[in-house]
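Notes for the structure review
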Amino acid sequence: MTTTTSSRGRRRAPSKVQRAAGKAAALQKPRVILALLLLLALTSIMLLDGYLRAEVGGDQRVRSGASSNKVPDEILDGGPIVTFRGGQATTLSVPEKTIALTFDDGPNPTYTPQVLKILEKYDVPATFFVVGSMVSRYPGIVKDLIEQGNEVGIHTFTHVDLSYQSDARIKREMTQTQLALAGAAGITTTLFRAPYSSETDAIDNYSWPVYKKLGEEGFTSVFIDTDSDDWKQPGVSKIIKGATPSKNKGASVLFHDAGGVREQTVKALPTYIEKMKAKGYTFTTISGVIQQQEASGQQPGTTQPGTGASNLQAAHRTATGATLYEGKALIVAVAVAEWTVPTLSVGLMIVGVAVIGRFGMMLILARRHYRQRNKRRFSWGPPVTRPVSVIVPAYNEKECIANTLESLAKSTHPIEIIIVDDGSSDGTSEIARSAADKLGMRNVRVIRQENAGKPAALNNGVRSASFDIVVMMDGDTVFEPDTVRQLVEPFADPGIGAVAGNAKVGNRNTVIGAWQHIEYVMGFNLDRRMYDLLRCMPTIPGAIGAFRREAVLEVGGMSEDTLAEDTDITIAMHRAGWRVVYQEHARAWTEAPGSLKQLWSQRYRWSYGTMQALWKHRKSLTDKGPSGRFGRVGMPLVVIFQIITPVFAPLIDVFTVYSMIFVDFKAALLAWLAVLGVQLFCAAYAFRLDREQYRYLLMMPLQQLAYRQMMYLVLIHSCITALTGGRLRWQKLKRTGEVGTPAGAS
């Protein structure tokens, strides 16, 4: 065993990489916060959209049959307009041969514009009792409606029966509708019609307090005399008949411009207007009725007209100050939600199809790969018996390096071992020398260098290697006795430049370890079988990989341009024309991160490094030959399945939770269980191919609920880092050395 030590001089200034690492560390917390803010924004948008559609906070209860013994008789027997001026409840009736045409439940993008066109044609004004959520979704219609000379009143924000609601909910329903009107048209209104209301004689002991309270706040409650019953869709003739007052009486007439299919209403309206005009009727708004009755002395007091408002729109008030700006903000927020949620829904469908498609492709290609490579007649070529160099980069690996050497001492293939100590401060090199002496290993060299990072350590090892095949492994990894022999077998084919081994989680008896074990077997190894057959393997794992030395030197060695040097060199070898394959029988046992913090750090580096490598080799998309093959096949697959799909995959979970809470719990749960079933089937098949114990799959449901979400956040965090131009240093994970011998190795 020999030891080589690099020269030491005076203390150097921080390198460019070290300075970048320091800046990156300072930026990580803001990026985490930004990722969480994006998640919060998405959740808020979905909740807002659900609220607008009455999926969040919706209440379908409608009261009927309640007593009205506490309601004054003069109200029950009075006209359809109820005011509370001076604290006294008073009703107003519509004058003879006058119709206050009213429409409920709008605006609707299909029917309301048609109604407005008819009203404009016949020069007829109307009062529209609008639902605030619909106003916020279609503000342009409301603006047109008011500019045409029509009047608006409040029909609550979510169309709920206010007699069931708390005072806070009532206030919220009214305030939010006023804000929607302010944002849409710059006005507020003093008119109100309760959902599910009809004539005044239907007021009961539960709704009466609501009307009184709103009256005290300055609202005029509007009921009806005549109901067209158009919501029942009885036919055009019956709608006209139902809306016609008897004996030349005046009436507050109810139609609907939304809330269902209103084709019959649109067809009936022109005929109805012509018929009533032929009978000598005039049309006005609710404010117009109030103005007429006050002028005739039916009710004392005066109406306070809004600034610039006509008598037909006297209930309108100009929105100013905070109300106006909050209203505009509401309209903008709803517009964002209206655009975002459908887009996300489409994205969800695409992601769902991509995920299922990926599972199907993995299963088909993995099965083909397994059958192809496990045939009795299958052979890579003549046995590779010449010695190879095993390079072990090590940085503060005192807990693991002895176990690594012990496993290599049992190798059935002739090897030399090169341990590159990358400036360790924990005595790693001394422990390595001691372990080699204790094991009687004369084929071990320890090279010490100043801390320069893993790529530099690997390059140092490649330059120092004595043989034409180099095996690279991590300092926390152990090999089975037959691992090296199995790993170098494919080099019998002169076109193969690198081989990816089968990395196994050694510390799998913890919850976090079991989750990673499932991921390694299913996510990594099934993927590698697929990529192998497609000849576009994107990554040779750092824990176990083998290379032709000439191929490594040809592509410039391990690059420091990215944090995923293994992905970087694998893509570079594809572009240089070398074939990269997967050898499932070459197994290595590695110590996976033992805490969530360490796991986050590792996967963050992997994700970000993969993005860096893909960006670095983006020109392969337009290359020809072998380089172009990876660009045309491998690059899109990696981008779609390892970046885009996982980034948008949280949509599945977000929509599932949303659906469970606000839509249909049973249907959403069944859908989630179906997806879980597909994943379990794929995982079980992957475990079968790798001859793993199925008991670990019991952890998979919990993995889907917790571990997978963390991986999504890591990837989103990495995307934000990439988009903001940050850089990361190569992190050192804390090791325990518990992976001593290959679990289950023969």
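For the structure, check the block above.
Let us look at the structure shown here. Note that this is a predicted model, so its numbers are computed, not measured.

Secondary structure summary: the protein contains 23 helices and 21 strands in total. Total accessible area computed for the protein in this model is approximately 32,700 Å², and 56% of it derives from carbon and sulfur atoms.

Moving on, we come to unusual backbone geometry. Note that the residue after G106, namely P107, is joined by a cis bond; omega there is 0°. By the secondary structure assignment, P107 is in the loop between β4 (98-104) and α3 (111-121). Residues other than glycine seldom take positive phi values, yet H159 does so here, at roughly 60°. You can see H159 is positioned in the loop between β6 (151-154) and α6 (167-185). Of note in this structure, N396 is not a glycine but carries a positive phi near 55°. Counting through the fold element by element, N396 comes out in the loop between β14 (388-394) and α12 (401-409).

Here we come to a nonpolar patch on the surface. A cluster of nonpolar side chains, contributed by I33, L37 and L40, occupies part of the molecular surface with about 280 Å² of accessible area. Relative to the helices and strands, L40 is located in helix α1 (residues 16-52). Note on L40: relative accessible area 51%, which makes it exposed.

With that settled, the discussion passes to the pattern of salt bridges. For the structure on display, the rule yields 26 salt bridges. Of the charged contacts in the structure, one is a salt bridge between R137 and E338, with a shortest N-O distance of 3.3 Å. One end of the pair, R137, is in helix α4 (residues 132-137); the other, E338, is in helix α11 (residues 321-373), and 201 residues separate them in sequence. Judged by relative accessible area, R137 falls into the buried class, the value being 18%. Measuring nitrogen to oxygen at the nearest pair gives 3.9 Å for the salt bridge that ties R579 to D493. One end of the pair, R579, is in strand β21 (residues 579-590); the other, D493, is in the loop between α15 (483-488) and β19 (496-505), and 86 residues separate them in sequence. Relative accessible area serves as the criterion here: at 24%, D493 is assigned to the partly exposed category. A single network of salt bridges, built from pairs that share partners, joins K504, R508, R529, E584, D690 and E692.

Judged by how many residues are buried, β19 sits mostly within the fold: ten of ten residues are covered. The pairing of β19 with strand β20 (residues 545-548) spans three bridges and is antiparallel. Residue pairing in the sheet places A498 in a bridge with F547 of β20.

Each value, and the rule that gives it
- Residues numbered from 1 in each chain as written.
- Predicted model: local features only at pLDDT ≥ 70, side-chain atom pairs only at ≥ 80, totals over all residues.
- Heavy atoms only, no water.
- Helix = DSSP H or I, 4+ residues; strand = E, 2+ residues; numbered from the N terminus.
- Areas by Shrake-Rupley, 256 points an atom, 1.4 Å probe, with all protein chains shown as cover.
- Patch = residues over 30% accessible without salt bridge, like charges linked within 9 Å, V, L, I, M, F, W, Y side chains within 5 Å.
- Salt bridge = Lys/Arg side-chain N within 4 Å of Asp/Glu carboxyl O.
- Buried < 20%, exposed > 50% of the residue type's maximum accessible area, 1.4 Å probe, protein only.
- Pairing = 2+ DSSP bridges.

Geometric values such as these leave the question of function open.
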